[in-house]
Amino acid sequence: MGSTDSKLNFRKAVIQLTTKTQPVEATDDAFWDQFWADTTITVQDVFALVPAAEIRAVREESPSNLATLCYKAVEKLVQGAESGCPTEREKQVILNCTCILSRILPYIFEDQDWRGFFWSTVPGAGRAGTDELDDDEGARPLAESLLLAIADLLFCPDFTVHSHRRGPDSVENMQSIDSCEYIWEAGVGFAQSPPLNYIHDLNRTELLRLLLTCFSEAMYLPSSTDNTVLNPWVTFFCSTENRHALPLFTSLLNVVCAYDPVGYGIPYNHLLFSDYREQLVEQAVQILIVTLEHDGGGVPHRPPSPSSIEEHESAGPENLFVNYLSRIHREEDFDFVLKGLARLLTNPLTQTYLPNSTKKIQFHQELLVLFWKLCDFNKKFLFFVLKSSDVLDILVPILFYLNDARADQSRVGLMHIGVFILLLLSGERNFGVRLNKPYSVHVPMDIPVFTGTHADLLIVVFHKIITTGHQRLQPLFDCLLTIVVNVSPYLKSLSMVAANKLLHLLEAFSTSWFLYSVAQNHHLVFFLLEAFNNIIQYQFDGNCNLVYAIIRKRNVFHQLANLPSDPASIQKALQRKRKSPDVISRTGSQETVSMEGSRPAVPAEPGTMKTSLVAIPGIEKLTEKSQVSEDGTMVSVPKTGRSQRAHSDQNAVVGTSDTESNSGRDNEDVFYTEAEMERRPLSSTSSTSSWAPTPEWALSWKCKLPLQTIMRLLQVLVPQVEKICIDKGLTDESEILKFLQHGTLVGLLPVPHPILIRKYQANAGTAMWFRTYMWGVVYLRNVDPPIWYDTDVRLFEIQKM
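Residues numbered from 1 in each chain as written. Predicted model: local features only at pLDDT ≥ 70, side-chain atom pairs only at ≥ 80, totals over all residues. Heavy atoms only, no water.

Engineer: Where do I start with the overall build of the protein chain in this structure?
Structural biologist: Helix and strand counts for the protein chain stand at 34 helices and 5 strands. Taken across its 801 residues, the protein chain has 57% of its residues classed as buried. Summarising the internal contacts of the protein chain: among those between residues at least 6 apart in sequence, 78% fall at separations of at least 24. By element, 54% of the accessible surface of the protein chain is carried by carbon and sulfur atoms, the whole surface being about 33,200 Å². (Helix = DSSP H or I, 4+ residues; strand = E, 2+ residues; numbered from the N terminus. Buried < 20%, exposed > 50% of the residue type's maximum accessible area, 1.4 Å probe, protein only. Contact = heavy atoms within 4.5 Å. Areas by Shrake-Rupley, 256 points an atom, 1.4 Å probe, with all protein chains shown as cover.)

What follows is the structure in structure tokens.
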């Protein structure tokens, strides 16, 4: 039947359904078959021919017909999963039902009264062929039947996987198939790479799209920090009830990590045929990130495990996808995953001389979430990443994305995930050590040209984000500087460019108006001083550039030490702020020429869609302090001073460390939606918006500024440098640097302080942030067809720039 006929007949059936006021019997096959039998329709057709208004009308006015349509479509999938769809006609029925369910499910989820529908058992409607099934089998909730059918169909020979049949007469029995032999791609725990078959890829993509739609019920529930509420669809699908959980998890992971968008190095290859594999990879990575969620607790019975996945004594998480991910342990598997992710993350950065000659992937945000989850659920993977300089192949693309998105408010979520990953990595000593590798790959980036290491690259990009990013990035400044502090004890030699950038930040953050305008701003100064102290105490020998920059800008330190904090000075500073509302002075940083071939960071195009995010917890909730002992091991530092807090007096001096505020942000978990953040002036990001600086408050932190080491350094070196200049009539930097390079402060500096590392720690706030961000990405990236567009999503708001 021609496609136009198919569309007409399908549309006729839809019109009949919307105009029928009487319930249609489930046994009326002549009516129901019009939707899926003898028609060839694409998923785009289904979205065009079944308008939202009509689905809602049937839902409100003839609910029993909508229920029967869902039930009959699921029944077809169950029958197909049992028969194995031997004929082309059966395969087409399965695809049609899959598209119809993908279209209808969001409208079931948006209505509270319907949400339980798929979890109820349909009276008198057992699974197909109920006669030969036990009674309890016949009474599965519709959701379970649907999920199990999708899982079976994803390993259906000649439909989604290659057949292993010996001869023309032998039939593969769907019930006894060992799907571990049909894994879609070589990689983790599987050695054979089946030949590419674009029809199989297309069919898998349709089924995965339906699976993702099933999981998307999460979008219709308002955000909450209660992490015990699990997604029932994900929980069931990733449980031992699904006998294909392991091969499917492996198939999804391998398909993503083995994908090479460049197509074996042939330029323009991607233009020759529509890349079905890319669509499959996109769906696969989205399924992975939404299924890998933390359990609410509880210990299950042991799932069987193959050799590539480590046997643990304890059963581990109940969610089998999380369980399998956490138990991958072979070096070659880690290598395959890391190299695959690095190749894909670097893809949008590779610029060739031929325009459009390489395929640019668009799913880097999903890849970053997947990388995050791998590190979060599998500590052995995290240590593997940091064991070699391969971690830099992840770092460089992240810095590229951060730099590129810094002016674009629609990409604030991307900025957060990038910074979170770097915060997680910076908690490990090896990350700081790896940063000393020279940076030679010159990815075109809109940053000053420099010669140096990956540490220099990181500092230059962070400086650019802080000084030229949009205002909504301010909550990330704490995180950015925490990363700098975490790596500082290991940085062997900063370039002059990076050293100047750090001093420019200190200069900008230590102006009185900046320090007195927001209760937490002084933390930024503490972080920078801590980083300088770490470098001077632990890496003085190679860091003559930084020492020279500190000497040149010595005034900044003297002004800080003598910061006036009397009421009149505070008022004067605040008046100056009203005159110059700019967050950070853009002047004083010698902006050099940007790298060749780079594009400047630009704001979002008007009309760009974005989804809202919840605010992130403050840095004191995001991290946990650890002290590095002599032998390099880390000991966690207990939190102090929480009990001494005097809530009655706002200016109470709290006995906590310098970067923990007593300004209200950490007294309670405060979550702001983005809309609220936008309405509130930047000068009051703490929950006590009536806050005003007082002399007592200023003194409470001013007396703790860790300036001793730097003051001692200046006291010793400044006279020596001045003497050289006078004696030799020098104005030449290189001579002074040579002197500083051979100088030493051994025995002249205060006793080195212990190194403090702030390690990322998971909490309810970040878990909620990730869930909101991840579903927001999935929502925005599925535009063809627009699965959730214009439905009543409640997890986030959709905003137009």
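Once the structure has been displayed, the description carries forward.
Engineer: Where do I start with the sheet that holds strand β3 (residues 634-636) in this structure?
Structural biologist: What holds strands together in a sheet is hydrogen bonding between their backbones, with the strands either parallel or antiparallel. Judged by pairing direction, the sheet is antiparallel, and its 3 strands sit side by side in the order β3-β2-β4 without closing on themselves. With partners counted over all chains shown, the strands left at the sheet margins are β3 and β4 (755-760), one partner each. Taking the axes of each pair of neighbouring strands and ignoring which way they run, one obtains an average angle of 40 degrees across the sheet. Here 6 bridges tie strand β2 (residues 623-628) to β4, and the two strands are oriented antiparallel to one another. Bridge pairing in β4 links threonine 623 to tyrosine 760. (Pairing = 2+ DSSP bridges. Axes fitted to C-alpha atoms, helices over the stretch in contact; angles between N-to-C directions.)

Engineer: Help me understand the packing of aromatic side chains in this model?
Structural biologist: Aromatic ring pairs are described here by two measures, namely the spacing of the ring centres and the angle between the planes. Tallying each qualifying case throughout the model produces 38 aromatic pairs. For the pair phenylalanine 420 and phenylalanine 770, a centre-to-centre distance of 5.8 Å together with 40 degrees between the ring planes defines the contact as tilted. Placement of the pair is phenylalanine 420 in helix α19 (residues 412-426) and phenylalanine 770 in helix α34 (residues 764-781), with a sequence separation of 350 residues. We note that phenylalanine 420, like phenylalanine 770, is buried. Ring centres 6.3 Å apart and planes at 40 degrees place the aromatic pair phenylalanine 477 and phenylalanine 509 in the tilted group. With phenylalanine 477 in helix α22 (residues 477-487) and phenylalanine 509 in helix α23 (residues 496-509), the pair connects residues that are 32 residues apart, well separated along the chain. Taken individually, phenylalanine 477 and phenylalanine 509 each receive the classification buried, so the pair is uniform in this respect. By way of ring pairs, the aromatic residues Phe109, Trp114, Phe117, Phe118, Trp119, Tyr220 and Trp233 are connected into one cluster. (Phe/Tyr/Trp six-rings, centres within 6.5 Å; stacked < 30°, edge-to-face > 60°.)

Engineer: Would you mind going over helix α17 (residues 379-387) with me for this structure?
Structural biologist: An α-helix turns once per 3.6 residues; consequently, residues spaced three or four apart project the same way. Turning to α17, its buried residues are Phe381, Leu382, Phe384, Val385 and Leu386. Buried residues belonging to α17 abut α15 (331-346), α16 (364-377), α19 and α20 (429-434). The opening residue of α17 is asparagine 378, an N-cap whose side-chain oxygen sits 3.1 Å from the backbone nitrogen of lysine 380. (Polar contact = N/O pair within 3.5 Å; in protein donor to acceptor, adjacent residues only side chain to side chain.)

Engineer: Sorry, what's going on with the nonpolar core here?
Structural biologist: Buried together is how nonpolar side chains tend to be arranged in soluble globular proteins. Residues Phe35, Phe118, Phe215 and Trp775 are the most contacted members of the largest nonpolar core, which totals 254 residues. Looking at this core, the element that brings in the most residues is helix α6 (residues 88-109), giving 12 residues. Filtering out sequence-adjacent residues up to four positions away, phenylalanine 35 remains in contact with Phe10, Ala13, Val14, Leu17, Ile41, Leu69, Asn96 and Ile100. (Core = buried A, V, L, I, M, F, W, Y, C linked by side-chain atoms within 4.5 Å.)

Engineer: Just to check I follow, could you spell out the environment of cysteine 703 for this structure?
Structural biologist: Its place among the elements puts cysteine 703 in the loop between α31 (695-702) and α32 (708-728). Taking the C-alpha atoms as reference, cysteine 703 lies 8.9 Å from alanine 561; in sequence the two are 142 residues apart.

Engineer: I would appreciate a short explanation of the state of the cysteines in the present structure.
Structural biologist: One covalent bond between the sulfur atoms of two cysteine residues makes up a disulfide. Applying the stated criterion across every chain yields a total of 0 disulfides. Here cysteine 156 stays free of any disulfide, with the sulfur of cysteine 85 as its closest cysteine sulfur at 4.5 Å. Judged by relative accessible area, cysteine 156 falls into the buried class, the value being 0%. (Disulfide = S-S within 2.5 Å.)

Engineer: Is there a simple way to think about the packing of α16 against α19 in this case?
Structural biologist: Taken N-terminus to C-terminus, the directions of α16 and α19 make an angle of 25 degrees; their axes are 10 Å apart at the nearest point. With respect to their mutual orientation, α16 and α19 come out roughly parallel. Viewed along their axes, α16 and α19 form a crossing whose handedness is left-handed. Judged by residue contacts, His364, Gln365, Leu368, Val369, Phe371, Trp372 and Cys375 of α16 engage Leu414, Ile417, Phe420, Ile421 and Leu424 from α19. Residues of the contact of α16 with α19, tallied by class, amount to 10 nonpolar, 2 polar and no charged. (Parallel < 35°, antiparallel > 145°, perpendicular 65-115°, else oblique. Left-handed = near helix turned anticlockwise from the far one by under 90°. Nonpolar A, V, L, I, M, F, W, Y, C, P; charged D, E, K, R; others polar.)

Engineer: It is not clear to me how the pattern of salt bridges should be interpreted in this structure. Could you clarify?
Structural biologist: Any two side chains of opposite charge can pair, on the condition that their charged atoms come close. Tallied over the entire structure, the rule returns 33 salt bridges. Between arginine 56 and glutamate 110 there is a salt bridge, and its shortest N-O distance comes to 2.6 Å. Taken together, the residues arginine 56 in helix α4 (residues 52-61) and glutamate 110 in the loop between α6 and α7 (135-138) connect sequence positions 54 residues apart. Assessed through its relative accessible area of 26%, arginine 56 is described here as partly exposed. (Salt bridge = Lys/Arg side-chain N within 4 Å of Asp/Glu carboxyl O.)

Engineer: Teacher, can you tell me more about the packing of helix α11 (residues 245-258) against helix α13 (residues 276-291) here?
Structural biologist: For any two helices packed against each other, the geometry is given by the interaxial angle and the distance between the axes. The contact between α11 and α13 brings their axes to 9 Å, and the two run at 125 degrees. The orientation of α11 with respect to α13, classified from their angle, is oblique. Between α11 and α13 lies a crossing whose hand is left-handed. The residues of α13 that touch α11, namely those facing Phe249, Leu252, Leu253, Val255 and Val256, are Arg277, Leu280, Val281, Ala284, Val285, Ile287 and Leu288. Split by residue class, the contact of α11 with α13 holds 11 nonpolar, no polar and 1 charged.

Engineer: Please explain the side chain of histidine 364 as it appears in this structure.
Structural biologist: With respect to the element layout, histidine 364 can be found in helix α16. A relative accessible area of 13% places histidine 364 in the buried class.

Engineer: Got a minute to help me understand unusual backbone geometry in this structure?
Structural biologist: Negative phi values dominate among residues other than glycine, just as trans dominates among peptide bonds. Cis geometry is adopted by the peptide bond preceding proline 785, which originates at aspartate 784 and carries an omega value of 0 degrees. Its identity as a non-glycine residue notwithstanding, cysteine 85 has a phi of 45 degrees, on the positive side. Along the polypeptide, cysteine 85 turns up in the loop between α5 (63-83) and α6. Exposure remark for cysteine 85: the relative accessible area of 0% places this residue in the buried category. The residue aspartate 158 is not glycine, and still its phi comes out positive at about 70 degrees. As for its position among the elements, aspartate 158 is in the loop between α8 (142-153) and α9 (198-215). On the accessibility criterion, aspartate 158 (37% relative accessible area) is partly exposed.

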